[in-house]
Amino acid sequence: MKILKFGGSSVGNAERIKNVVDIVINSLKVNKKVAVVFSAFQGITDLLIETGNQAALGSNIYLTSLETITNKHKTILRDLVKHENYNEYEVIVERRLNELYELLQGVFLIKELTPKTLDYLMSFGERLSCQIITFCFNDKNIIAEFCDARKLIKTDDNYNNAKVDLLKTNIKIKENFENKTNLQVITGFISSTVNEETTTLGRGGSDYTASIIGAALDVEEIEIWTDVDGVLTADPRKVNNAFPVLNLSYEEAMELSHFGAKVIHPPTMYPAMVKQIPIRIKNTFNPNFVGTIIGAKNTDFRFRIKGISSIDEVSILRVQGPGMVGVAGIAKRLLGSLAVAGINIILISQASSEHSICLAILPKYTAKAKKIIEQEFVYEIKDG
Ligand code: ADP
Ligand code: ASP
Ligand code: MG
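To start, this report covers the structure provided alongside it. Each chain carries its own residue numbering, running from 1 in the direction its sequence is written. Whichever chain is written first is A, and whichever ligand is written first is 1; the rest continue in order. Owing to the predicted nature of the model, reporting of local features is limited to residues with pLDDT of at least 70; listing and counting of side-chain atom pairs is limited to 80 or more, with chain, interface and lining totals taken over all residues. Side-chain numbers here rest on the full set of heavy atoms in the structure, without hydrogens or water.

## With respect to helix H8 (residues 250-258)
For clarity, the cut-off: For each residue, the accessible area found with a 1.4 Å probe, counting protein chains only, is set against the maximum for its type, and the residue is called buried under 20%, exposed over 50%, and partly exposed in between. In DSSP terms, a helix is any run of H or I states spanning at least four residues, a strand is any run of E spanning at least two, and both are numbered starting from the N terminus. Should any heavy atoms of two residues lie within 4.5 Å, those residues are considered in contact.
Tyr-250, Ala-253, Met-254, Leu-256 and Ser-257 are the residues of H8 that are buried. Buried residues in H8 make contact with strand S8 (247-249), helix H9 (269-275) and strand S10 (292-295). Of the residues trailing H8, Gly-260 is marked for its positive phi of about 115°.

Shown next, in the form of structure tokens:
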């Protein structure tokens, strides 16, 4: 069995979706079993967030944004399916769009968009795209079933970036796929708590969905289809002559993605690595190209450095002073105090003289981190 995941960039309009459907049909010819995971249509998640924020501000503009969302889905549906089937499908899509309208109306009335509501709001992106793509498969006589991943992927209630309970999730996935013979069209990115509240796996999380499901089902390969030829040596939007890396180890892919290579969502590597399942990154616009294979074995020895990635916005905190030299336990207190406050550290360095320690953190934590460190070392600072 294989699992194929297509990102928003591959499903931006009807033309692109037709291309994707052909890729899936070809895969069905050569593989015994295939399941597919889709993201929301390109730009829709951003638009849903924007619309939610407008509604929460009490601005009527949200209705115009909702109209844009509605039109985009209806246009894609109309361009994709047979004319005689359109009305039947439209009823179902419209029902979902009405639910979205009711939700946004609620946000508008109470002028509040909580992280929990935001997850439910964003879930419409994947639920609509997968529903429409399922219709498209059925229209081409490929019997497909819409599969809402919220019933498979169980998480904690850390809304917007939930942590997956792999034990519960794996059981659900195996149960669900046991007797399924039809092509499953699975929503990426979305999940739910034990109380069935909608959660999401972090922006770009559909890659992770594919890996979780692929690992639970012991597939032979997880294919991530996107709009570039694989993992490139650098971000192609910043470096013109970046070129594809043919092979990466799981660890190398983790490093590159954690450090900003957006092509693959960082946690994607973990479930695949545990089961030693290769992940292949392929280009929907150049399907014959081999792409990048991420696996246990490193076979691309052309260059000693595989790639360079970067994060645009980080804060560097420097803690320094002669009182730190030769004093045991400073680093422990520094890192420990930040850990207690839930502040994640991206990078650490210490001068060999022990005179300074530098930390990189996300900018949103800067003020909080500074305050915590000043509290932790309040007596040392007082003593100069
Ligand atoms: P999808 O919609 O398929 O999930 P994403 O936009 O999430 O696609 O990821 C693909 C994009 O990642 C590429 O279009 C590219 O601009 C960007 N990117 C950043 N760094 C890299 C890299 N090192 N290799 C390939 N793509 C990269
Ligand atoms: N649609 C979600 C996002 O835009 C998930 C994904 O694309 O992988 O973040
Ligand atoms: Mg992505």
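## Details of the site of ligand 2
Threshold: Think of it this way: one heavy atom of a residue within 4 Å of a molecule or strand is enough to make that residue near it. The definition of a polar contact used here is a pair of N or O atoms within 3.5 Å, where within protein one atom must be able to donate a hydrogen and the other to accept one, and adjacent residues in sequence count solely through side-chain atom pairs. Every accessible area reported is derived by Shrake-Rupley at a probe size of 1.4 Å, with residue values counting cover from the shown protein chains alone.
The immediate surroundings of ligand 2 are formed by Ser-39, Ala-40, Thr-45, Glu-126, Phe-189, Arg-203, Gly-204, Gly-205 and Ser-206. Between ligand 2 and Thr-45, the relevant distance is 2.8 Å, taken from a nitrogen atom to a side-chain nitrogen or oxygen of the residue. Backbone polar atom of Gly-204 to an oxygen atom of ligand 2: 2.8 Å apart, as the coordinates give it. Out of a free accessible area of 260 Å², ligand 2 has 86% covered by protein chains.

## Focus: the sheet that holds strand S3 (residues 144-147)
Filter applied, for reference: Should DSSP find at least two bridges between two strands, the strands are regarded as paired. Interaxial angles span 0 to 180 degrees and are taken between N-to-C directions of axes, which are lines fitted to C-alpha atoms, for helices over the stretch in contact.
Ordered by their spatial adjacency, eight strands build an open sheet running S3-S4-S2-S1-S7-S9-S10-S8, and the pairing between neighbours is mixed. The two strands at the open ends of the sheet, each matched to only one other strand, are S3 and S8. On average, each strand axis in the sheet is inclined to that of its neighbour by 20°, with strand direction left out of account. Relative to strand S4 (residues 183-187), S3 runs parallel, the two sharing four bridges. What sits directly across from Phe-146, in S4, is Val-185. Sheet contacts for H8: S8 and S10; angle to S8, the most-contacted strand, approximately 90°.

## Structural notes on the pairing of strand S12 (residues 347-350)
Examined bridge by bridge, S12 and strand S13 (residues 356-361) share four bridges and lie antiparallel to one another. In the sheet register, Ser-349 faces S13, and the bridge partner there is Cys-358. Linking two consecutive strands that pair antiparallel, namely S12 and S13, is a turn of five residues; a positive phi of about 65° is found at Glu-354 within it.

## Comments concerning the site of ligand 1
Our working definition: For this classification, Asp, Glu, Lys and Arg are treated as charged, while Ala, Val, Leu, Ile, Met, Phe, Trp, Tyr, Cys and Pro are nonpolar and the rest, including Gly, are polar.
Every one of the 18 residues lining ligand 1 counts as a neighbour, but Ser-9, Thr-226, Asp-227, Leu-232 and Lys-262 are closest to it. At 3.1 Å, a backbone N or O of Gly-8 approaches an oxygen atom of ligand 1. A distance of 2.8 Å separates an oxygen atom of ligand 1 from a polar side-chain atom of Asp-227. Residues belonging to the shell around ligand 1 are distributed by class as follows: eight nonpolar, five polar and five charged.

## Digging into the sheet that holds S13
With antiparallel pairing, the three strands of this open sheet are ordered in space as S11-S13-S12. This sheet does not close on itself; its edge strands, each paired only once, are strand S11 (315-320) and S12. Taken over all neighbouring pairs, the strand axes of this sheet differ in orientation by 15° on average, direction set aside. Taken strand by strand, helix H10 (residues 330-340) contacts S11, S12 and S13, and its axis lies near 20° from that of S13. Against the sheet, helix H11 (residues 366-376) makes contact with S11 and S13, and its axis sits at roughly 10° relative to S11, the strand it touches most.

## Focus: the side chain of Gln-131
Along the polypeptide, Gln-131 turns up in helix H5 (residues 115-139). For Gln-131, a relative accessible area of 11% corresponds to the buried category. Excluding anything up to four places from it in sequence, Gln-131 contacts Ile-92, Arg-96 and Phe-146.

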